[in-house]
Amino acid sequence: MFTKRHLVEPGDFTLEEMDRLFDLAQQIEQDQGYLRESCRGHILATLFFEPSTRTRLSFESAMLRLGGACLGFSEPNSSSVAKGESLADTIRTVSCYADIIVMRNPKEGASLLASRYATVPVINAGDGGHHHPTQTLTDLLTIRQLKGSIGQLTVGFCGDLKFGRTVHSLAKALARYPGISMLFISPQELQVPTYITEGILKKAGVSYKETHSLEQVIGTLDVLYMTRVQRERFFNEEEYIRLKDSYILNREKMKQAKDDLTILHPLPRVNEIAPELDNDPRASYFKQAKYGMYVRMALLASMLGRC
Ligand code: CP
């Protein structure tokens, strides 16, 4: 079902396939020995051309827990990319050494390009401001586990919706589930791209609204997906400084929220969620980081044909 395939964007898997991954991840969460050693003898390459904590380490932890091994680089200057090697040649070469490749790259479309040169499966771990499909699997699994199912929810996205690839991937994926309404909360300059709103949501008949005010809508939300302002994607530092603290979720703002609101954040957090909320039972972003490891275990074992 999953073998000999790549994962470049969330639409590469059907809803049934994602459900299968979520079921597997749930089984792993409940029985930590499940699938242990299933990937013994297999090698994961993690090629990170951009910084990462959660994605790279959760993939590596996932592979080690499955009994496999990992190699790779966490910044390109330690590889022959620094000598001018092309992405195509890097991928062709790493395909000789590993059974599956996870790659993050600042250029939109880099994972698609890599998938065309690889002779082993490629998983996109983020390509510029475009997509981050395994974060989407993480987010959907977290919603399923904490809300009981993925449909019939009002989901608010808040912050940098222009450059935030996790927002683009999750909005696109949620549009496939029934009864989802979306609220996009951002400054004018960081609005969600129209290829998502006009190109995907409107065409799919998904209900959505755009607003600048978190206070006005927070009380209507079932899930609030906070994001940081993506400094690395700004051309102008002054513009970043002007916009970086547009939204700071704190106890005061949470007074308006539902008692069963689920607060998610792909992390890293900068200023947009006050640490005073970390012990609020609605703050679910560290649970979300843990679900990321379980779903990546399910994904690796499935894509390597080990379950
Ligand atoms: N959520 C996420 O992609 O985090 P990292 O940048 O730490 O991998």
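Residues numbered from 1 in each chain as written. Predicted model: local features only at pLDDT ≥ 70, side-chain atom pairs only at ≥ 80, totals over all residues. Heavy atoms only, no water.

Colleague: Talk me through the state of the cysteines; I want residue IDs and the actual numbers.
Modeller: Enumeration according to the criterion identifies zero disulfides in this entry. Take Cys 96: it sits in no disulfide, and the sulfur closest to it among the cysteines is that of Cys 70, at 19 Å. Here Cys 307 is not cross-linked by a disulfide; its sulfur's nearest cysteine counterpart is in Cys 39, at 7.7 Å. With relative accessibility at 38%, the residue Cys 307 sits in the partly exposed group. (Disulfide = S-S within 2.5 Å. Buried < 20%, exposed > 50% of the residue type's maximum accessible area, 1.4 Å probe, protein only.)

Colleague: Give a detailed account of the packing of helix α1 (residues 15-30) against helix α11 (residues 285-303), specifying residues and quantitative values.
Modeller: In contact at an axis separation of 8 Å, α1 and α11 are set at 120 degrees when each is read in the N-to-C sense. The angle between the axes of α1 and α11 places the two elements in the oblique class. For the crossing formed where α1 meets α11, the hand is right-handed. On α11, the residues that touch Leu 21, Phe 22, Leu 24, Ala 25, Ile 28 and Glu 29 of α1 are Tyr 291, Tyr 294, Val 295, Met 297, Ala 298, Leu 299 and Ser 302. Of the residues contributing to the contact of α1 with α11, the split by class is eleven nonpolar, one polar and one charged. (Axes fitted to C-alpha atoms, helices over the stretch in contact; angles between N-to-C directions. Helix = DSSP H or I, 4+ residues; strand = E, 2+ residues; numbered from the N terminus. Parallel < 35°, antiparallel > 145°, perpendicular 65-115°, else oblique. Left-handed = near helix turned anticlockwise from the far one by under 90°. Contact = heavy atoms within 4.5 Å. Nonpolar A, V, L, I, M, F, W, Y, C, P; charged D, E, K, R; others polar.)

Colleague: Outline the site of the ligand, supporting the account with residue identities and numerical values.
Modeller: Around the ligand, the structure places Ser 52, Thr 53, Arg 54, Thr 55, Arg 104, His 132, Gln 135, Pro 266 and Leu 267. Thr 55 is positioned with one of its side-chain polar atoms (N or O) 2.6 Å from an oxygen atom of the ligand. Out of a free accessible area of 250 Å², the ligand has 92% covered by protein chains. Counting residues domain by domain, the shell around the ligand receives three or more from each of domain 1 (10-131 + 290-303) and domain 2 (133-289). (Near = heavy atom within 4 Å. Polar contact = N/O pair within 3.5 Å; in protein donor to acceptor, adjacent residues only side chain to side chain. Areas by Shrake-Rupley, 256 points an atom, 1.4 Å probe, with all protein chains shown as cover. Domains from an automatic or database assignment.)

Colleague: Go over the domain arrangement of the protein, please, and point to the residues and values.
Modeller: Many authors give the size of an interface as the accessible area that is lost as the parts come together. The assigned domain composition of the protein is domain 1 (10-131 + 290-303) and domain 2 (133-289). A straight line from the C-alpha centre of domain 1 to that of domain 2 covers 24 Å. With 34 residues of domain 1 at the contact, the number on the domain 2 side is 30 residues. Around 2600 Å² of area is buried between domain 1 and domain 2 when both sides are counted, 57% of it from carbon and sulfur atoms. In terms of surface lost to domain 2, no three residues of domain 1 exceed Phe 22, Arg 54 and Tyr 291, which account for 27% of the buried area on that side. The tally of links between domain 1 and domain 2 comes to three salt bridges. Among the ionic pairs, Arg 144 bridges to Asp 19, the shortest N-O distance being 3.8 Å. The tally of links from domain 1 across to domain 2 stands at 16 residue pairs in polar contact (both at pLDDT 80 or more). Residue assignment for the side of domain 1 that touches domain 2 shows that the elements contributing at least two residues are α1, α2 (54-65), β4 (122-127) and α11. Per element, the largest residue contribution to the side of domain 1 that touches domain 2 is nine residues, and it comes from α1. Tallied by class, the residues present in the side of domain 1 that touches domain 2 amount to 14 nonpolar, eleven polar and nine charged. (Buried area = accessible area lost by both parts, 1.4 Å probe. Salt bridge = Lys/Arg side-chain N within 4 Å of Asp/Glu carboxyl O.)

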